[in-house]
Amino acid sequence: MQDLPALLGIFAALTVGAVSPGPSFLMVARTAVSSSRADGLSAALGMGAGGLVFAAAALLGLNGLLLAVPALYVVLKVAGGLYLAYLGARIWRAARQPLAVTQSVLSASATAWKSFALGFTTQISNPKTAIVYASVFAAFLPASPSRAFNVAVVTLAFAIETGWYALVTVALSSERPRGAYLRFKAWIDRVAGGVMLLLGLKLLSSAAQRA
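What counts, and at which threshold
- Residues numbered from 1 in each chain as written.
- Predicted model: local features only at pLDDT ≥ 70, side-chain atom pairs only at ≥ 80, totals over all residues.
- Heavy atoms only, no water.
- Helix = DSSP H or I, 4+ residues; strand = E, 2+ residues; numbered from the N terminus.
- Buried < 20%, exposed > 50% of the residue type's maximum accessible area, 1.4 Å probe, protein only.
- Contact = heavy atoms within 4.5 Å.
- Areas by Shrake-Rupley, 256 points an atom, 1.4 Å probe, with all protein chains shown as cover.
- Axes fitted to C-alpha atoms, helices over the stretch in contact; angles between N-to-C directions.
- Left-handed = near helix turned anticlockwise from the far one by under 90°.
- Salt bridge = Lys/Arg side-chain N within 4 Å of Asp/Glu carboxyl O.
- Parallel < 35°, antiparallel > 145°, perpendicular 65-115°, else oblique.
- Nonpolar A, V, L, I, M, F, W, Y, C, P; charged D, E, K, R; others polar.
- Patch = residues over 30% accessible without salt bridge, like charges linked within 9 Å, V, L, I, M, F, W, Y side chains within 5 Å.

**Q** How would you sum up the overall build of the chain? Please name residues and give values.
**A** Broken down by element type, the chain carries 10 helices and 0 strands. Along the chain, helices (α) and strands (β) appear in the sequence α-α-α-α-α-α-α-α-α-α when read from the amino end. A burial count over the chain gives 41% of its 211 residues as buried. Intrachain contacts of the chain at a sequence separation of at least 6 include 90% that bridge at least 24 residues. Taken as a whole, the chain presents about 11100 Å² of accessible surface, with 71% of it coming from carbon and sulfur.

Okay, here's the thing in structure tokens:
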């Protein structure tokens with residue numbers, strides 16, 4: 001495959017971006033230890049779906065669009081900042097609420113979908129992820145990529161995001177990390193909520209400076 005070097009470059013860059021700490025990691029980690037392994041894996045699938053959307057957008061010229069319409073990036077930052085701030089505030093407020101550790105089959109199915117949606121929206125709301133994808137694709141994308149290459153890249157993005165956050169889930173949903181979370185839930189949630197809130201406010205501040 002003549003486009004293999006480009007595919008490997010995209011793989012390496014997206015992998016580094018995925019494993020870098022940020023709101024996505026924080027959300028999946030908290031879901032894994034506070035809910036269940038199934039919820040964490042659902043959130044990981046949501047992250048993968050978000051990565052798939054960004055990959056498809058990058059193939060359609062996201063980088064060029066952001067350069068042509070700078071205000072769009074400001075809008076992305078404001079929307080992402082508001083969402084992260086809201087999520088952080090919600091986690092902070094619920095810090096002292098007891099955690100229900102038993103669920104029926106029906107409620108477990110419902111929370112899995114909720115976790116998927118949370119993972120997807122957290123991924124999509126991060127403008128830095130959009131910039132990473134746009135920049136990586138602009139740097140490595142061949143001049144005339146084939147349809148097979150485009151399909152491979154989108155599939156690769158989904159696999160990287162889902163695979164990494166699935167590993168995070170498996171590591172943190174075991175008995176020892178979950179037991180530690182249950183013992184220190186109030187403090188852990190306040191730290192997690194505070195970090196998410198600060199990240200959201202930071203995005204809003206940078207959007208205001210750019211506007």
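**Q** Now, about the packing of helix α2 (residues 23–34) against helix α8 (residues 147–172): what can you tell me, with residues and values included?
**A** Direction vectors running N to C along α2 and α8 enclose 40°, while the axes themselves pass 8 Å from each other. α2 and α8 meet at a crossing whose hand is right-handed. On α8, the residues touching S24, F25, V28, A29, A32 and V33 of α2 are W164, Y165, V168, T169 and L172.

**Q** Outline the pattern of salt bridges, supporting the account with residue identities and numerical values.
**A** Counted according to the given criterion, the structure contains 1 salt bridge. Between D189 and R30 there is a salt bridge, with its nearest N and O atoms 3.1 Å apart. Of this pair, D189 sits in helix α10 (residues 185–210) while R30 sits in helix α2; the two residues are 159 residues apart in sequence, bridging distant segments of the chain. You can call R30 partly exposed: its relative accessible area is 22%.

**Q** How would you sum up the packing of α2 against helix α3 (residues 37–59)? Please name residues and give values.
**A** Running from N to C, α2 and α3 cross one another at 155°; their axes reach a closest spacing of 7 Å. As judged from the angle between their axes, α2 and α3 are roughly antiparallel. α3 is crossed by α2, and the crossing has right-handed handedness. Counted together, S24, M27, V28, T31 and A32 of α2 and D39, G40, A43 and M47 of α3 form the full contact between these two elements. Here the residues of the contact of α2 with α3 are counted per class, giving 5 nonpolar, 3 polar and 1 charged.

**Q** Could you give an account of a nonpolar patch on the surface, naming the residues involved and the relevant values?
**A** A cluster of nonpolar side chains, namely L52, V53 and I124, defines an oily patch on the protein surface of about 200 Å² accessible area. The topology assignment puts L52 in helix α3.

**Q** Requested: an account of the side chain of D189, with residues and values cited.
**A** Residue class for D189 comes out buried when judged on its relative accessible area of 0%. Among residues more than four places away in sequence, those in contact with D189 are R30, I91, W92, A94, A95 and Y181.

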